[in-house]
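Topology and contacts: notes
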Amino acid sequence: MDKIARNNQSGAVSLFAVIFATLLLTVLMLGFMRLIMVDQRQALNNELSQSAYDAALSGVEDAKRVVRACQKRDNGGRACEQLRLPNDCKVVARAGVAGNVAANETLIQSRRSGDGKEFNQAYTCVNITMDTEDFLVSIPEGSSRLVPLKAKAEFNKIVLEWFTKEDANGNVAAGRVKNAASASTSLPAYSDWDESPSRPAPALLRTQMIFPGDTFDLASLDSSRVATMFLYPRTLSVPGPTNGGVSAINLPRAGGGGQFNNAPTPVSCSPDFANSGYSCRATIDISPVTAAASVNSFLRLTPLYRMSHVRIALYNGAEPVKFDGVQPAVDATGRASNVFRRVEARLQIGDDFPYPENAIDLENSLCKDFSVTEGSVTSGNCRP
């Protein structure tokens, strides 16, 4: 009897062990299946999100075609007429560039099937705003960008904001220029620009303003209104926005017949990027520029010591003035299956002409020794 009881107990233990092992394997299998399903779902969501983003970019590209068609006056200026109408998400179709006005979306054409259904991609809305309240640009260190100041109305102030967290390599706070607390406006060496390596200082912004007037020719160009300022981020304010006001109304111009010292103009910057996401802000007062004269007006910006994102806005007193078709803004929404992505982009109008940075660019010394008379030329004996 005792042997039979022990056998029964042994069988019960074995059965319990089998059940426990089965439950354990089931839990592990369900756990692995859940992880696999989560990974698959995440991969699918990422793929759909990227596809929707690509579809939105397709809408941006078609928006470029609309603006280009307006510039070329294709179809009797139909695109220009459509750009003047209120935004309704269908400007691309109304301009005759792509899509159908009656449809709620424009399918993205697939190279393989050609019907846009293979990836289920489309852009559902594209709006184009030709007249923007600001001009946004990213300028490499030491390079220049020529910005047209064509405006919808008269303006007498130019607001510049520059240096973002991206320019600061992701740091949460902007730094200070080394020895900037002194009263001197002398500039430090390139290697000494940042007071702290972990907190990059904003760029020094060379700002050149060109206002020839309503009309000009080569004979009058040298006598036109031109001013150059070096906006020097010398101080950091307490956390919060800044608004350094400077005047370019009475600045002397190079070639005006006299000598002057164009010293850097100190500007106060925000350590926490409180100026609409920028560290530095300068409001430049200028003599009024009419809408007609703004067609020939330009702003040339050159960040020194480091690259910088820059935002430019125009004001007439306290009233903002919009740019007139200088940098159209595109708002496009793309779709892939049931996932939507929205993209905002700015379009560059005109050719990307490589304006020269210097009249002469040399690696070594330059020596000029020559004379020119009415009847002869002497080259001289200069050896640099």
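Please refer to the structure higher up on the page.
So, a few notes on the structure that sits alongside this text. Computed from a predicted model, the values in this text were never measured in an experiment. (Residues numbered from 1 in each chain as written. Predicted model: local features only at pLDDT ≥ 70, side-chain atom pairs only at ≥ 80, totals over all residues. Heavy atoms only, no water.)

Looking at the state of the cysteines
The criterion, for reference: Disulfides are defined as cysteine sulfur pairs within 2.5 Å. For the purposes of this entry, the term helix denotes a DSSP run of H or I that reaches at least four residues, the term strand denotes a run of E that reaches at least two, and both are numbered from the N terminus.
Scanning all chains against the criterion turns up 3 disulfides. A disulfide bridge connects cysteine 70 with cysteine 80, and the sulfur atoms are separated by 2.0 Å. The sign of the 105° torsion about the S-S bond sets the cysteine 70-cysteine 80 disulfide as right-handed. With cysteine 70 in helix α1 (residues 2-72) and cysteine 80 in helix α2 (residues 78-83), the pair connects residues that are 10 residues apart, well separated along the chain.

Quick look at the nonpolar core
In a soluble, globular protein the nonpolar side chains are often hidden away together inside. Going by this rule: In this description, a nonpolar core means a group of buried Ala, Val, Leu, Ile, Met, Phe, Trp, Tyr and Cys residues linked to one another through side-chain atoms lying within 4.5 Å. Relative accessibility decides the category of a residue: with a 1.4 Å probe and only protein chains considered, values under 20% of the type maximum give buried, values over 50% give exposed, and everything between is partly exposed. Here, two residues are considered to be in contact whenever any of their heavy atoms come within 4.5 Å of each other.
If you look at the biggest cluster of nonpolar residues, it comprises 38 residues, and the most contacted ones within it are Ile158, Leu160, Trp162, Met209, Leu231, Ile284 and Ile312. Residue assignment for this core shows that the elements contributing at least two residues are β3 (135-139), β5 (155-162), β6 (204-211), β7 (225-236), β9 (265-269), β10 (280-289), β11 (298-304) and β12 (308-316). Examining the composition of this core, we find that 5 residues originate from one element, β10, more than from any other. The residues contacting methionine 209, other than those within four sequence positions of it, are Ile158, Arg225, Val226, Ala227, Met229, Ala248, Ile284, Ile286, Phe298 and Leu299.

Describing the layout of surface pockets
Selection rule: Each cavity reported here is a set of points on a 1 Å grid over the protein atoms alone in which a 1.4 Å probe fits but cannot get out, each pocket an open set with protein on both sides within 12 Å along at least five of seven lines, and each lining residue one with an atom within 4 Å of a point. Grid points are joined across faces, edges and corners, and a volume is the space filled by probe spheres set on the points. Classes in brief: Ala, Val, Leu, Ile, Met, Phe, Trp, Tyr, Cys and Pro nonpolar; Asp, Glu, Lys and Arg charged; the others, Gly included, polar.
The computed volume of the second largest pocket comes to approximately 330 Å³. Lining the second largest pocket are 16 residues, and of these Leu83, Met130, Asp131, Asp324 and Gly325 sit closest to its centre. Going through the elements one at a time, α1, α2 and β2 (121-129) are the ones with two or more residues in the lining of the second largest pocket. When residues of the lining of the second largest pocket are assigned to their parent elements, the largest contribution, 3 residues, is made by α1. Across the lining of the second largest pocket, the residue classes tally to 7 nonpolar, 3 polar and 6 charged.

Quick word on the pattern of salt bridges
Applicable threshold: By definition here, a salt bridge exists when the distance from a side-chain nitrogen of Lys or Arg to a carboxyl oxygen of Asp or Glu is within 4 Å.
Following the criterion strictly, the structure yields 13 salt bridges and no others. Residue glutamate 161 is joined to arginine 311 by a salt bridge in which the shortest nitrogen-to-oxygen separation is 3.1 Å. One end of the pair, glutamate 161, is in strand β5; the other, arginine 311, is in strand β12, with 150 residues separating them in the sequence. Given the relative accessible area of 1%, glutamate 161 is considered buried. In this structure arginine 311 comes out as buried when scored by relative accessible area, which is 17%. One salt-bridge network, in which partners are shared between bridges, spans Asp134, Glu161, Arg281, Arg311 and Arg346.

Observations regarding empty space enclosed by the protein
According to the stated counting rule, one finds 1 cavity of 30 Å³ or more in the structure shown. In terms of lining, the largest cavity is formed by 14 residues, of which the most central are Cys89, Lys90, Ala93, Glu105 and Thr106. Put simply, the parts of the chain that give the lining of the largest cavity at least two residues each are α3 (91-94) and β2. Among the elements that make up the lining of the largest cavity, the one with the highest residue count is β2 (4 residues).

Considering the sheet that holds strand β15 (residues 339-346)
Quick note on the threshold: For two strands to be treated as a pair, DSSP must find no fewer than two bridges joining them.
Read from one edge of the open sheet, 4 strands run β1-β2-β14-β15, paired in antiparallel fashion. At either margin of the open sheet sits one strand with a lone partner, and together these are β1 (106-107) and β15.

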